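# Chains, contacts and geometry: an overview
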Amino acid sequence: MAVDMKGVNNVSGKSSLDTEQVADFIKSNFTQRQCKRYVPNARLDKDFCLCGRTNAWHGDLSVQDVSPAKWHLETDTEQTTPDCYGEISFRGFGHETRNRAPYVRVGLNVEALKELESFGNIDQMVKEKRLDDYMSVAERAFKLEESWKLITEMWGVNNPKLLISVTGGATRFTMKPRLTSSFKKGLIKAAISTGAWIITGGTSTGVMQFVGEAVREHEMSTVSAEVNKVISLGIATWGGVDNRTALVHPDGNGSFPALYRNEDLLKNKGKKGLKGIPLDHNHSHFILVDNGTENAYGAEIAYRANLEHYITTQLTTGITKQLSINVPVVLLVVEGGANTISTVYEAVKMNHPVVIVKGSGRAADLLTFACTEIVTTDEHGTGVTIKSELENELKRKTQDLFKNLNYDANRFEESTSRSINTIKKILCFKHLITIYNVEENKDIDVAILDSLMKANMDNAQKQLHLSLAWNKPQLAKEHIFTFEQRAVWTKIRMDLAMEAALVQDRIEFVKLLMVNGVDLRQFLTYRRLRDLYLKVITDKYSSHAADLIRHKLRDVRISWTQDVLPKCCLAKSQRYEPRLLNHVGDLIIALLGDQFNNPYPGSEFVITEDAKDKVVAVRLENSFNASQPEDKLFVLAERELFLWAILTNRLEMAKLFWRMAKDPLGGALIGSALLKRLSNLALQDEEVDLANEYMEASRYWEKTASGLLSACYIKDKYKAFRCLIRKLYRWGDMTCFQIAHSSELMNFMGNSCCQTKLNRVWLGNMALYTSTWKLIVGMFMPLVIFLIKFVIADETAPKKPKYEAVQVIYHKKVSPSTSEEQKNQKTFERSVGANQKANIKKKAASRRPHNVVCCGQENGAASLNFFQAWYYFLSAPVVKFGFNMFTYVVYLALFSMFMLTDLRPVTDPNSPSILEYFVWAWTTTLIIEEIRQIYSRPAKSLGNKLSDWFQDMWNKVDLLMYLLFIGSVILRLVLTGNDFLAARMCYTVTLAIFYLRFMHMFFVQKAMGPKIIMIKKMMTDLMFFLLIFVVFCLGYGVITQALLYPNTSVSVNLLKDVVYKPYFHIYGELFLEEYAGDVQGCSSNLTEIALDSSKPRCPDANWLAPILLAIYMVLTNVLLLNLLIAMFSYTFQNVQDNSEIVWRFYRYALIQEYYDRPVWSPPLIIFNHIYRLMLWLGQCFTNPVKEGESQYSSLCKAYDHNEDGILGRFEYACMEKHVASVTYKEAQHVENKVGSTAERIEHVISHLEELKDHVTNPKPGNSDRILPPDGSGDASSYLSSQSPNAGGQEVHALTDRVKTMEKNITRVLQLLEQKS
């Protein structure tokens, strides 16, 4: 038995597969078949066996006196060990393929095939319900299970979500270039968007070559080809492959790679006994089916059909386990012959949809004619009725299939009759057939998916699963959620689809499901929200954002590590996390601060799972209602889903729920704050890309909040002011000001509305146009108050109104009673009607200046008496600031006075002095004020209050300052004599910090405030510079000391000598006399120096020391100092560019501080402290403050339900207006305009080509050809030249139309080029 060694490849290369594992698997599970008996082929050539091989290949295996000669697969072939597998590397096909194509030769199981023949045809098996038995035998016959494991496990191919089986003719069909490009793109788009495999015959001819070209063009045009890789599986007959010997390896170890050269194909062309079709070099994988023959075809047909059926029955697809369905198969028919018609019939019998490409020729056009022109009488099984003229036309078209096959008359009629009968059977399944016209605008991917939806039109649940799996909401909208199908889709469970769409971030599906019946307040239960978080953070394919949230949840709860392990590592009772919502609430508190109320507190949000819950879940499995009766529902479902979308980094989903939630202004700020904190956490973990993504989203929400606030301010500024200061009980009982300040949302704080409100708070009840000189003079001359006008607003009236406690409804379980109460509340709010709204507008409009009179009121004029005006004047933050600044200057003067004149030990008479005692008392009032500020922080726990207070830089300075002051007092009272110098030094440092603390006063001034921020940031730059400088300083100092003063004794002064000279070098003090060894009055005698410590030691002259000095001066004075200057310049420019925004942001903290301060300044502030302490004690014992009540404040206010509802509706109306405005601006953007214009151009070009084709190829009654046959040249010019002979007015009108269209296209294309 001869072996052809031509195909042996001994090529070294790196394989993407585990070659040893692949080889072992194939050797253990696959065999090949080869002929074992020579039977001459008398009809063709006696030198060839009926197996297709030559006599020389068989050797001594011959047969004699066999008449007639017969050859059977079962008796005349034998199994052999596999030697044809590995990876194909195609060479010389015009381009180098990017990846090698794995391949394998699969021999059929003869015994199982013989058993398979006993089952009869598939119709009989379906009727007898023996299809499962048939498939079990087919698995053994065709090695289906082994083939599936090879493809998915050994070759590493991902499971398909759809099988697109392409069948058709082996001849090349033609389409117009534009239609060809559209068809290829649509086919690839269908495969990528659905995760499909494309299965073809795998050879380089006909439709298989066409599919291969589509795959290649996709790979060449895609940057990330590996990410969007298309799986194109070619299943061919081994004996029909040209140059197949190149795929054989004689050692049986596989070819990695096997070189499949185009030049070998050209050499084999025309050789006797070497006919075959080459493999298509653009396919990604190949299975070569071996039935023991060569130079024959058709062995793969049964294998391919059974493999497709095996995949669709064994494999499921879907985005969740509950939404899984069997992988569907769709047959795509392009051209083809009689066998294609049989293939279509086999597909529709298995209930597989079929897409027929109209216009591709032969069988495809014949089936198109039959399905469109012939009307069936029964769509599910019995037959059709065909008119005589249509039947004659069908017969004529069917006969065209066999014209070129050289059949005799009997065989011709038999084949025609068989095909017509098959077509009639196919017509009984017309609902499974979709006709695709390539000349229509509809893409092939849409036609493929439409066919699958039509095939399942009686199963809306399956249609919904399919559209979800492929992320095609348009399909669901067109085929499921229609008025005609309403009775069907209202009965399916859409809650599972909604949950899956949320987890998979499929926003269009979420919108579609909400429009068609999913009520979020009935959908979102405590358990389902827990499941949404759990599915995202435990998904093995989760994003970096989910990983970050999982790690932070682990930090929140140490034992969380037990709950995020893979399910296989957990006990059955531990496969869910009951306290997950509690942990999420704790995480939100950790991100936003303790002042934010926990949205999921306590045991109410602990989700348990018991037998009762499981019984209820089973009972509701087929129910449209999403929630269990025993499960708790969220009233603020939109808010919970918004927070979920923000934490899981789903921006578009968050936008959707933000628009649906109440209080959109607070929601946008909360979203920005959360994302900004998450960005900082990601940056700490070195997740730079994720941090940037979070920060971009944070900026978006901050910009959205600022834009919404501007819309509110334009519509009604007084309501916009109230929106800024109202407590948002839906968003953690924080105000917009508090959220923006705690998260440093500077752009929002710089909004005109925020600054106008802060100006009003800063000036108190005084008019905004009050001059500065009136304020300064008025602090010392009260009579100037008569020149100041005051504005008394409803929200700042001295009388403090009582507010009802705000019920935190998202902590309560919804019941029928509470729902009824909500309806009553809405009815009550509506009953308020126009009267209350008019009153609110009247109060806002009644703001007008009030004059100051000596006593009483002026007739007919708004006025205040002197004492009221004086109270408002002293209560204004700007006046408090002025008094505090003045008293602080006095304090510094007194502190400096006793430091300079009267600071002696306590042993001296009259020490400490009265002035010093007074400074001590004054400082005590300052410390008490700091303690009051800590206590008044919005955080709840003392630790968080301290943490919040300590975040401010000036508070850190205060802490250091007061600690040093206390230490100075202690040292001053303890130390005497010469030791008293330490107390004096401590006092001086403390006084220096007190002076630096005065810079905080500059923040109020717009020009000076940013400069203080520059100094702060430059101090950070200076610290980095000093760290670098210390390295140079110590390095040079040690070297220089060792050279100039070797063998110096160990002492404290040694470190000073090492650092002293290098440090002062940067200021120009070079100590050149020491480097020259010329120091006056020095001594080199160490004994003399030891006896007389005042005599300096003479340095040793060393030539290297001056050189090191020069190098050190260049590095420090030139390099490092210029580096420091550059750092300072960069910091200055950054702050300067944003100086106004930065100043506006820090201004809020200053105004808030002085708004909350008592009226009197230190040291008189002690009386205010005593008064407030007495009030607090009285409230604690007599009338304690209830939860939900809030003291009156111009920066924080809890409104009652009526006014809160009015403000909420006001925000919502402004939000809708703002979103519409943003959408309009985006639509008007140049890029969007160019994109829409380009689409219109495509449509115009399409219509123009259709027009040219219509004129070039007239219908059968028109003999004139108006354009050249090739369609080339200018359409209008050719029409003009032919118009005298072309048909008169119609041709002239057509000429003008084409001219106009071409001019319009040219003009628009020029405009597009200019804009781009």
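With that settled, consider the sheet that holds strand S15 (residues 354-358). Taking strand neighbours across the sheet as the criterion, the ten strands line up as S10-S5-S6-S11-S9-S8-S7-S14-S15-S16 in an open arrangement whose pairing is mixed. If you trace the sheet from one side to the other, it starts and ends with strand S10 (255-261) and strand S16 (433-437), each paired once. Going from strand to strand, the sheet's axes swing by 25° on average, the running direction of each strand aside. Alignment of strand S7 (residues 162-168) against strand S14 (residues 329-334), held across six bridges, turns out to be parallel. Paired with Leu 163 across the two strands is Val 329, which belongs to S14. Running at roughly 110° to S15, helix H13 (residues 362-373) makes contact with S14, S15 and S16 of the sheet.

A few words now on a nonpolar patch on the surface. Taken together, the side chains of Ile 776, Phe 780, Met 781, Phe 886 and Val 890 present a nonpolar region at the surface, about 470 Å² in accessible area. Only helix H35 (772-780) and helix H38 (877-901) provide two or more residues apiece to the nonpolar patch.

The next subject is a negative patch on the surface. On the surface, Glu 686, Glu 687, Asp 689 and Glu 693 cluster together into a negatively charged patch. Within the secondary structure, Glu 686 sits in the loop between helix H29 (664-684) and helix H30 (688-715). Note on Glu 686: relative accessible area 61%, which makes it exposed.

Our focus in this paragraph is empty space enclosed by the protein. Leftover empty space is mapped by rolling, across the atoms, a probe with the size of a water molecule. One pass over the structure, following the stated rule, counts five cavities of 30 Å³ or more. Approximately 230 Å³ is the volume attributed to the largest cavity. What lines the largest cavity is a set of 20 residues, and nearest its centre among them are Tyr 888, Leu 926, Arg 997, Met 1001 and Arg 1157. When residues of the lining of the largest cavity are traced back to their parent elements, those giving at least two are H38, helix H39 (914-935), helix H41 (953-974), helix H42 (980-997) and helix H48 (1139-1156). When its residues are assigned to classes, the lining of the largest cavity shows eleven nonpolar, three polar and six charged.

With respect to the helices and strands, the residue Asp 685 is situated in the loop between H29 and H30. Overall, Asp 685 belongs to the partly exposed group, its relative accessible area being 38%. Not counting residues within four places of it along the chain, the set of residues in contact with Asp 685 comprises Leu 548 and Lys 552.

Do not read the fine detail of predicted coordinates wherever pLDDT is low. Of all residues in the chain, 77% attain a pLDDT of 70 or more, and the chain-wide mean is 78. Segment residues 378-382: pLDDT under 50, and ten contacts once partners within four positions in sequence are set aside and those in other chains are kept. Throughout residues 611-629 the model reports pLDDT below 50, and contacts reaching past four residues in sequence, or to other chains, amount to 31 contacts.

The subject of this paragraph is the packing of aromatic side chains. What the rule picks out here adds up to 56 aromatic pairs. Pairing Trp 658 with Trp 701 gives two aromatic rings, centres 5.6 Å apart and planes at 65°, and the pair type is edge-to-face. Of the two residues, Trp 658 sits in helix H28 (residues 651-660) while Trp 701 sits in helix H30, which places them 43 residues apart along the sequence. The buried category is assigned to Trp 701, whose relative accessible area is 0%. Here the guanidinium or amino end of Lys 397 rests over the ring plane of Phe 369, the centre of that ring lying 5.3 Å away.

A few words now on the sheet that holds strand S19 (residues 863-865). Strand pairing in a sheet is mediated by backbone hydrogen bonds. Such pairs are either parallel or antiparallel. Overall, mixed pairing links the three strands, which are arranged S17-S18-S19 in an open sheet. Each edge of the sheet is formed by a strand with only one pairing partner; in this case those strands are strand S17 (790-791) and S19. Here strand S18 (residues 849-853) pairs with S19 via three bridges, running parallel. Within S19, the residue paired with Val 853 across the bridge is Asn 865. Sitting on the sheet, helix H37 (residues 866-875) touches S17, S18 and S19, and the angle it makes with S19 is about 90°.

What follows is about the pairing of S10. The buried fraction of S10 amounts to six of the seven residues, a majority that puts the element mostly inside the structure. Strand direction decides the pairing type here: strand S5 (residues 85-91) and S10, joined by five bridges, are parallel. Among the inter-strand pairings, Phe 90 is bridged to a residue of S10, identified as Tyr 260.

This part is about the packing of helix H20 (residues 495-503) against helix H23 (residues 526-538). Taken N-terminus to C-terminus, the directions of H20 and H23 make an angle of 40°; their axes are 10 Å apart at the nearest point. As the angle between them shows, H20 and H23 are arranged oblique. You can see that H20 and H23 cross each other, and the crossing is right-handed. Listed contacts from H23 to Asp 495, Glu 499, Leu 502 and Val 503 of H20 are Arg 528, Asp 531, Leu 532, Lys 535 and Val 536. Across the contact of H20 with H23, the residue classes tally to four nonpolar, no polar and five charged.

Scoring rules and cut-offs
Residues numbered from 1 in each chain as written. Predicted model: local features only at pLDDT ≥ 70, side-chain atom pairs only at ≥ 80, totals over all residues. Heavy atoms only, no water. Pairing = 2+ DSSP bridges. Helix = DSSP H or I, 4+ residues; strand = E, 2+ residues; numbered from the N terminus. Axes fitted to C-alpha atoms, helices over the stretch in contact; angles between N-to-C directions. Contact = heavy atoms within 4.5 Å. Patch = residues over 30% accessible without salt bridge, like charges linked within 9 Å, V, L, I, M, F, W, Y side chains within 5 Å. Areas by Shrake-Rupley, 256 points an atom, 1.4 Å probe, with all protein chains shown as cover. Salt bridge = Lys/Arg side-chain N within 4 Å of Asp/Glu carboxyl O. Lys, Arg positive; Asp, Glu negative; His and termini not counted. Charge placed at Lys NZ, Arg CZ, Asp CG, Glu CD. Buried < 20%, exposed > 50% of the residue type's maximum accessible area, 1.4 Å probe, protein only. 1 Å grid on protein atoms, 1.4 Å probe; cavity = no way out; pocket = protein on both sides within 12 Å on 5 of 7 lines; lining within 4 Å. Points joined across faces, edges and corners; volume = space filled by probe spheres on them. Nonpolar A, V, L, I, M, F, W, Y, C, P; charged D, E, K, R; others polar. pLDDT = per-residue confidence, 0-100. Phe/Tyr/Trp six-rings, centres within 6.5 Å; stacked < 30°, edge-to-face > 60°. Lys NZ or Arg CZ within 6 Å of the ring centre and 35° of its normal. Parallel < 35°, antiparallel > 145°, perpendicular 65-115°, else oblique. Left-handed = near helix turned anticlockwise from the far one by under 90°.

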